[in-house]
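Per-entry structural report
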Amino acid sequence: MYKGFPEGTKVGIIPSTVDITLEEKQTVEKEVSVELLGQAAPGYKAGEPIVKPFKAHVRVPASQANSIAGVRASVNLDGATEPINTTVPLKVVDKYGNVLQHVEVNPLTVEVNVPVTSPFAKVPIKLNLTNDLPDGYSLASVEKNVEEVTVYGPKEVIDAMKQSTYPGPEIDLSKINSDRLVQLKMPLLDKVVKVEPEYLEVSFKVAPSKTKRLEKVPLRITGLSENLQAKGFSAAGQEITTIDFDIVGAEQNLDHVSPEDVQVVADVSNLPVGVHEIPIVYNLPPYLKTASTALKQVTVEITSK
């Protein structure tokens, strides 16, 4: 059959007949695979993708059914720093990875979720308390809602942090004169991506300050070389081996403190033979401090053995 030619035109069709083969179509079910393209940001890692729906149906002539190797969804990871949730079209591929054209696939698109995480470590929190409570007040106790945080960031940052502590937000004690619950956002150190939990709660119990006298606390002179020896002297020139001083704190924290619970240290590391004025360091239990009358330095004479 033909049409559209001018009237009177003789038209012939060669060949005058053709063979038409009708082939039954076949539906093939395949699981959807995810092709991750590119790389996540340095220090980040892509997890196992989740696909919805995870199976697709491909409809092709029966003779081509064996050529279908799979159904693929491609997701670009380049520079990713957070989970990827996207909808992507499906591609039907043969065993060589070539995309097959003119095939029916159902559904046409799928939802793909790719977890993207950075290295992390659980690190103890170190409270960042500044200044002292107003005069006449002392800390009775301090409680945190969590003792450690999970820190996320590049591998080199996290590796260095695993053996340390993480600083909490700065809390100014000079503004606290009664029981207080504060909630503050955790700081992000350099190159740290995320800290969980994001907020830290700290409960302060405050009590009136009391004073307790500690007597005959040994004076420890540290940092001496093996061939040296040292003695401590008061401002009046008398040799001293122990020190008496007052400590200040909440009554409940003072009750059970004895001289054995504190250290009085004069550090003479790297000092030569001679007489030196050395600051005294008082190592006390938490939430206690020395009274203003406590000795602040000691004269130390270093001699050869």
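Residues numbered from 1 in each chain as written. Predicted model: local features only at pLDDT ≥ 70, side-chain atom pairs only at ≥ 80, totals over all residues. Heavy atoms only, no water.

Quick look at the sheet that holds strand β13 (residues 148-152)
A sheet is described by the order of its strands in space; here four strands give the open sequence β14-β11-β13-β16, paired in mixed fashion. Whereas interior strands pair on both sides, the edge strands pair on one side only; in this sheet they are β14 (166-172) and β16 (194-196). Sheet twist, expressed as the mean angle between neighbouring strand axes with direction ignored, is 35°. Bridge count for strand β11 (residues 120-130) against β14 is five bridges, and the pairing is parallel. Within the sheet, the bridge partner assigned to leucine 129 lies in β14 and is isoleucine 171. (Pairing = 2+ DSSP bridges. Helix = DSSP H or I, 4+ residues; strand = E, 2+ residues; numbered from the N terminus. Axes fitted to C-alpha atoms, helices over the stretch in contact; angles between N-to-C directions.)

Describing the packing of aromatic side chains
Throughout the structure, instances matching the rule amount to two aromatic pairs. Note on phenylalanine 120 and tyrosine 152: the rings are 5.5 Å apart at their centroids and 40° apart in plane angle, and the pair reads as tilted. Residue phenylalanine 120 is located in strand β11, and its partner tyrosine 152 is located in strand β13; the two are separated by 32 residues in the primary sequence. On the basis of relative accessibility, which here comes to 16%, the residue tyrosine 152 falls in the buried class. Above the ring of tyrosine 152, the side-chain terminus of lysine 194 is found at 4.7 Å from the ring centroid. (Phe/Tyr/Trp six-rings, centres within 6.5 Å; stacked < 30°, edge-to-face > 60°. Buried < 20%, exposed > 50% of the residue type's maximum accessible area, 1.4 Å probe, protein only. Lys NZ or Arg CZ within 6 Å of the ring centre and 35° of its normal.)

Notes on the side chain of threonine 299
Along the chain, threonine 299 falls in strand β24 (residues 297-304). Threonine 299 has contacts with Lys231, Gly232, Phe233, Val275, His276 and Glu277, leaving out every residue within four places of it along the chain. (Contact = heavy atoms within 4.5 Å.)

Some points on the nonpolar core
Ranked by internal contacts, the top residues of the largest apolar core, which has 25 residues, are Val32, Leu90 and Val110. Elements with a minimum of two residues in this core: β1 (25-37), β4 (55-61), β5 (70-76), β6 (84-89) and β9 (109-114). Judged by nonpolar contacts, the second largest core, of 23 residues, contains Val123, Ile125, Leu200 and Phe204. (Core = buried A, V, L, I, M, F, W, Y, C linked by side-chain atoms within 4.5 Å.)

A short note on the environment of glutamate 148
As for its position among the elements, glutamate 148 is in strand β13. As a C-alpha pair, glutamate 148 and glutamate 196 span 48 residues in sequence and 9.1 Å in three-dimensional space. Each residue touching glutamate 148, except ones within four places of it in the same chain, is listed here: Lys122, Val123, Pro124, Ile125 and Pro197.

Things to note about the pattern of salt bridges
Scanning all chains against the criterion turns up eight salt bridges. Close ionic contact of glutamate 147 with lysine 144 constitutes a salt bridge, the shortest N to O distance being 3.1 Å. Here glutamate 147 falls in the exposed class, since its relative accessible area comes to 51%. For lysine 144, a relative accessible area of 21% translates into the label partly exposed. One salt bridge connects arginine 213 with aspartate 246, and the closest N-O pair in it is separated by 3.3 Å. Residue arginine 213 is located in strand β17 (residues 199-222), and its partner aspartate 246 is located in strand β20 (residues 242-250); the two are separated by 33 residues in the primary sequence. Residue classification places aspartate 246 among the buried positions, given a relative accessible area of 17%. (Salt bridge = Lys/Arg side-chain N within 4 Å of Asp/Glu carboxyl O.)

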